[in-house]
Each structure stands twice: as structure tokens, then as C-alpha cells.
Amino acid sequence: MSAPPFRLRDLPLATRVGTTCLLLVVCGGLVASAFHLREHHAGRDERPGFSLDDVRGAYAGITSRAPLLVALEAGHPSEIEDAAPLPDAARTALLDWLGSDRIGETYDDLDLGDAAPAELLAAHCLACHARRAADPVGQEIPLEYWDDVKRVAFSRDVAPADVEILLASTHTHALALGTLGLLLATIALATARAPRLRSTCVVLCGAGLALDLASWWLARTWPAFADAVVVGGVAFASGAGGLLLLVLAELWLPRGREHAGAS
């Protein structure tokens with residue numbers, strides 16, 4: 001296979017320096033995009049930090065009932081052999097608390113005395129749900145402090161992004177990232193190194209971006225596509241990063257055997 005007549009390594013030094021600087025700016029932009037994605041979506045699932053549920057909430061929405069509410073409604077801990085039953089009065093009080101809109105405010109309300117949710121949980125649940133409890137399963141779901149309890153006390157009803165916002169974001173990302181991918185793929189054609197790797201990176205870049213953007217919309221009807229947003233984004237970033245490295249290698253590394261055979 002004959003090499004194309006034009007190679008990036010043959011550009012003048014000043015041009016290669018300027019091109020390298022531009023590529024490094026693009027690389028920095030990709031890294032910044034990853035951090036921006038994390039900061040933009042963090043907490044979207046109504047939980048602290050960033051997780052896959054944040055992405056699911058942004059594009060598909062999340063509707064889930066509080067784990068503690070589900071367990072109490074199911075009669076927990078009656079399903080555990082030899083477990084002390086939860087008194088009906090305590091169960092009713094906890095269910096009323098979890099169904100209210102003042103879960104945080106009344107958790108340790110002094111006016112409620114021994115009927116405060118914090119006191120009820122301490123009296124009836126901490127034998128199993130404490131970090132040093134004998135029950136190894138219960139240890140994994142501690143209920144000792146408010147920071148523990150709030151993780152399982154809130155139901156979630158997270159709506160996906162508005163269609164207007166999603167449309168504007170699609171417009172921006174499709175044109176900007178699509179153009180970036182095309183430019184990187186085109187520039188990479190002027191490299192002689194690792195043609196198979198170059199082709200793989202182009203496929204990852206193009207297919208990943210298409211999957212990413214399409215999944216934004218598909219996830220609204222089929223929530224499973226919210227996970228494909230992450231898969232597509234990682235594929236695009238990997239492909240674009242690989243193309244950047246190939247171009248930088250062509251600009252600065254010594255001529256390989258492909259060059260030598262073409263000269």
C-alpha cells in the first residue's frame with residue numbers, strides 16, 4: 001500500500017508547533033468536558049456525589065420509593081427467622097414519617113420525644129443495623145446517624161431534562177463534536193502510523209458520538225438507553241483521544257518504516 005504524498009511530519013517546524021498547540025487545546029477541552037459532565041450532573045439523582053443514576057436521572061428520569069419505606073411496608077423484619085418483631089405503633093409512626101414532606105425536619109424532633117423517628121430507629125433497628133452489629137447483612141445498611149438514614153429514607157421522582165433544553169444541547173453538541181470528530185479523522189489520514197488503530201479510533205469516535213446523542217432521546221422512551229449515553233461518551237472520548245495521540249506521534253516522532261519505504 002503506497003503512502004499518500006502528504007505527511008504531517010513533512011510540515012515546517014513552526015507549522016508543526018502551532019498544530020501541536022491547537023491539538024493540546026483540544027485535548028484540554030476533552031478533559032474539561034469530562035469534569036464538566038461530572039459537575040453538571042452530580043446530585044441529579046438526589047444523592048450526594050456523582051453516579052450512573054445521575055446520568056439516568058438527566059436523560060430518562062428516576063422514580064423509586066425509599067428503601068426504608070419499602071422494607072417497612074413489606075413487614076421487615078418479619079421475614080428474618082427469630083428476629084424481634086417491630087411493634088405496630090412504631091411501624092405506623094415510621095411509615096407516617098416516611099410518607100410526609102418533612103422527613104429531615106422531624107427526624108429527631110424533640111417535641112416527639114420517644115416517638116421521634118431517630119428514637120424509634122435506635123430502639124428497634126440498631127440491634128441489626130449498626131456498624132458493629134452482629135448481623136453482617138444489617139451492618140451493610142447502618143441506621144445510626146442521619147447521614148445513614150437519609151440515604152434510604154427518601155423516595156425519588158426525578159424528571160428528565162426538558163425537551164427544549166435537550167434540543168438546544170443536541171444542537172450544540174452535534175455540530176461542535178461532530179465537526180471535531182471529522183477534523184480529527186481527516187487530519188489522521190495524513191499519518192502513516194498504525195493504520196488499523198487509526199481506523200479503530202475513527203469508528204469509536206463516530207459510532208460513539210452517534211450512540212451518545214441518539215441515546216439522549218431514546219432514553220426518554222426506553223430508560224435502558226441512559227446507560228448507552230455513558231458507553232457512547234466513553235467510546236467517543238477514547239476514539240478522539242487515540243486520534244490526537246496518533247497525530248501528535250506523526251508530527252514529532254522519527255520517521256517509521258512506512259516513511260522510509262515511501263521516500
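Scroll up to find the structure this text is about.
Given the structure is predicted, the values throughout are model-derived calculations rather than measurements.

Q: Could you clarify how one ought to interpret the overall build of the protein chain in this entry?
A: For the protein chain, the count of helices and strands is 12 helices and 2 strands. Listed by position from the N terminus, the elements making up the protein chain come as α-α-β-α-α-α-α-α-α-β-α-α-α-α. Its C-alpha atoms give the protein chain a radius of gyration of 28 Å, clearly above 18 Å, the size a compact globule of 263 residues would have. Along the first, second and third principal axes, the C-alpha set of the protein chain runs to 90 × 45 × 30 Å. When the 263 residues of the protein chain are sorted by exposure, 35% land in the buried category. Across the protein chain, contacts joining residues at least 24 apart in sequence account for 65% of those joining residues at least 6 apart. For the protein chain, the computed accessible surface area is about 15,500 Å², with 64% contributed by carbon and sulfur atoms. Within the protein chain, the 31 negative side-chain charges are centred at a point lying 19 Å from the centre of the 21 positive side-chain charges.

Q: I'm lost on the environment of Phe 35 in this one. Help?
A: With respect to the secondary-structure elements, Phe 35 resides in helix 1 (residues 13-41). Overall, Phe 35 belongs to the exposed group, its relative accessible area being 55%. Along the chain, Phe 35 and Glu 250 lie 215 residues apart, while their C-alpha atoms are 29 Å from each other.

Q: Is there a simple way to think about helix 2 (residues 52-59) in this case?
A: Asp 54, Val 55, Gly 57, Ala 58 and Tyr 59 are the residues of helix 2 that are buried. Contacts made by the buried residues of helix 2 are with helix 1, strand 1 (62-64), strand 2 (156-158), helix 9 (163-188), helix 10 (195-218) and helix 11 (225-252). Downstream of helix 2 by a residue or two, Gly 61 has a phi angle that is positive, lying close to 85°.

Q: How should I be thinking about the packing of aromatic side chains in this particular structure?
A: A ring pair, where both rings are aromatic, is described by two values, the distance of the centres and the angle of the planes. Under the definition given, this model contains 5 aromatic pairs. Look at Trp 146 and Phe 154: their rings are 6.0 Å apart centre to centre, the planes differ by 75°, and that puts the pair in the edge-to-face class. Given a relative accessible area of 24%, Trp 146 falls into the partly exposed group. When its relative accessible area of 29% is taken as the criterion, Phe 154 is described as partly exposed. Taken together through their ring pairs, the aromatic side chains of Trp 97, Tyr 107, Trp 146 and Phe 154 make up a single cluster.

Q: Looking at this model, I keep getting lost on the pattern of salt bridges. Mind explaining?
A: Where side chains of opposite charge bring their charged atoms close, a pairing between them can arise. Scanning the model with the defined rule gives 9 salt bridges in all. The closest approach of N and O atoms between Arg 56 and Asp 53, which form a salt bridge, is 2.9 Å. Of the two residues, Arg 56 and Asp 53 both sit in helix 2, 3 residues apart, roughly one turn of that helix. Taking relative accessible area as the criterion, Asp 53 reaches 22% and is therefore assigned partly exposed. Here Lys 150 ties to Asp 147 by a salt bridge, and the two come within 3.4 Å at their closest N and O atoms. Here the residue Lys 150 and the residue Asp 147 both occupy positions in helix 8 (residues 146-153), the gap between them amounting to 3 residues, near one helical turn. We classify Lys 150 as partly exposed; its relative accessible area is 31%.

Q: I'm lost on unusual backbone geometry in this one. Help?
A: Negative phi values dominate among residues other than glycine, just as trans dominates among peptide bonds. The step from His 76 to Pro 77 runs through a cis peptide bond, and the omega angle for that step is 10°. Although it is not a glycine, Ala 194 sits at a positive phi angle of roughly 45°. With respect to the helices and strands, the residue Ala 194 is situated in the loop between helix 9 and helix 10. When its relative accessible area of 31% is taken as the criterion, Ala 194 is described as partly exposed.

Q: Would you take a moment to explain the nonpolar core for this structure?
A: Here is a general trend for soluble globular proteins: nonpolar side chains tend to be buried in one another's company. Residues Tyr 59 and Leu 184 are the most contacted members of the largest nonpolar core, which totals 27 residues. A per-element tally of this core places helix 11 first, with 8 residues. Beyond its immediate chain neighbours, meaning those up to four positions away, Tyr 59 contacts His 41, Pro 160, Leu 166, Trp 216, Ala 219, Arg 220 and Val 229. Counting residues in hydrophobic clusters, the runner-up holds 19 residues, among them Trp 97, Ile 103, Ala 118 and Leu 121.

Q: In this structure, what is going on with the packing of helix 4 (residues 88-98) against helix 6 (residues 117-124)? I would like to understand it.
A: Two packed helices can be described by the angle between their axes and the distance between those axes. Look at helix 4 against helix 6: their axes get within 10 Å of each other, and the N-to-C directions meet at 135°. Here helix 4 lies oblique to helix 6, going by the angle between them. Crossing handedness for the pair helix 4 and helix 6: left-handed. In this structure, helix 4 uses Ala 90, Ala 93, Leu 94 and Trp 97 to contact helix 6, whose residues at the interface are Pro 117, Leu 120, Leu 121 and His 124.

Conventions used here
- Every chain's residues receive numbers from 1 upward, in the order its sequence appears when written.
- Local features in this predicted model are restricted to residues of pLDDT 70 or higher, and side-chain atom pairs are both shown and tallied only at a pLDDT of 80 or more, whereas totals for entire chains, interfaces and linings draw on every residue.
- Side-chain metrics rest on all non-hydrogen atoms present in the structure, leaving aside hydrogens and water.
- Numbering goes from the N terminus for both helices and strands, where a helix is a DSSP run of H or I of at least four residues and a strand is a run of E of at least two.
- Values of the radius of gyration come from C-alpha atoms, whereas the globule rule sets the reference at 2.2 Å times the count of residues to the power 0.38.
- Three labels apply to residues, based on accessible area from a 1.4 Å probe with only protein chains included: buried if under 20% of the type maximum, exposed if over 50%, partly exposed otherwise in between.
- By definition, residues are in contact when any of their heavy atoms lie within 4.5 Å.
- Per-residue accessibility takes into account occlusion by the displayed protein chains alone, with areas from the Shrake-Rupley method and a 1.4 Å probe.
- Only four residue types enter the tally: Lys and Arg on the positive side, Asp and Glu on the negative side; His and the chain ends are excluded.
- Taken as the charge location is NZ of Lys, CZ of Arg, CG of Asp or CD of Glu.
- The rule is short: rings of Phe, Tyr and Trp, with Trp giving its six-membered ring, pair when the centres are within 6.5 Å, and they are stacked under 30 degrees, edge-to-face over 60, tilted in between.
- When a carboxyl oxygen of Asp or Glu lies within 4 Å of a side-chain nitrogen of Lys or Arg, that pair is called a salt bridge.
- We call a set of buried Ala, Val, Leu, Ile, Met, Phe, Trp, Tyr and Cys residues a nonpolar core when their side-chain atoms join them within 4.5 Å.
- Convention adopted: a line fitted to C-alpha atoms gives each axis, helices being fitted over their contacting stretch, and angles between N-to-C directions are expressed from 0 to 180 degrees.
- Roughly parallel means an angle under 35 degrees; roughly antiparallel means over 145; roughly perpendicular covers 65 to 115; every other angle is labelled oblique.
- Left-handed describes a crossing whose near helix is turned anticlockwise from the far helix through less than a right angle; right-handed describes the clockwise counterpart.

Read these as geometric descriptors, not functional statements.
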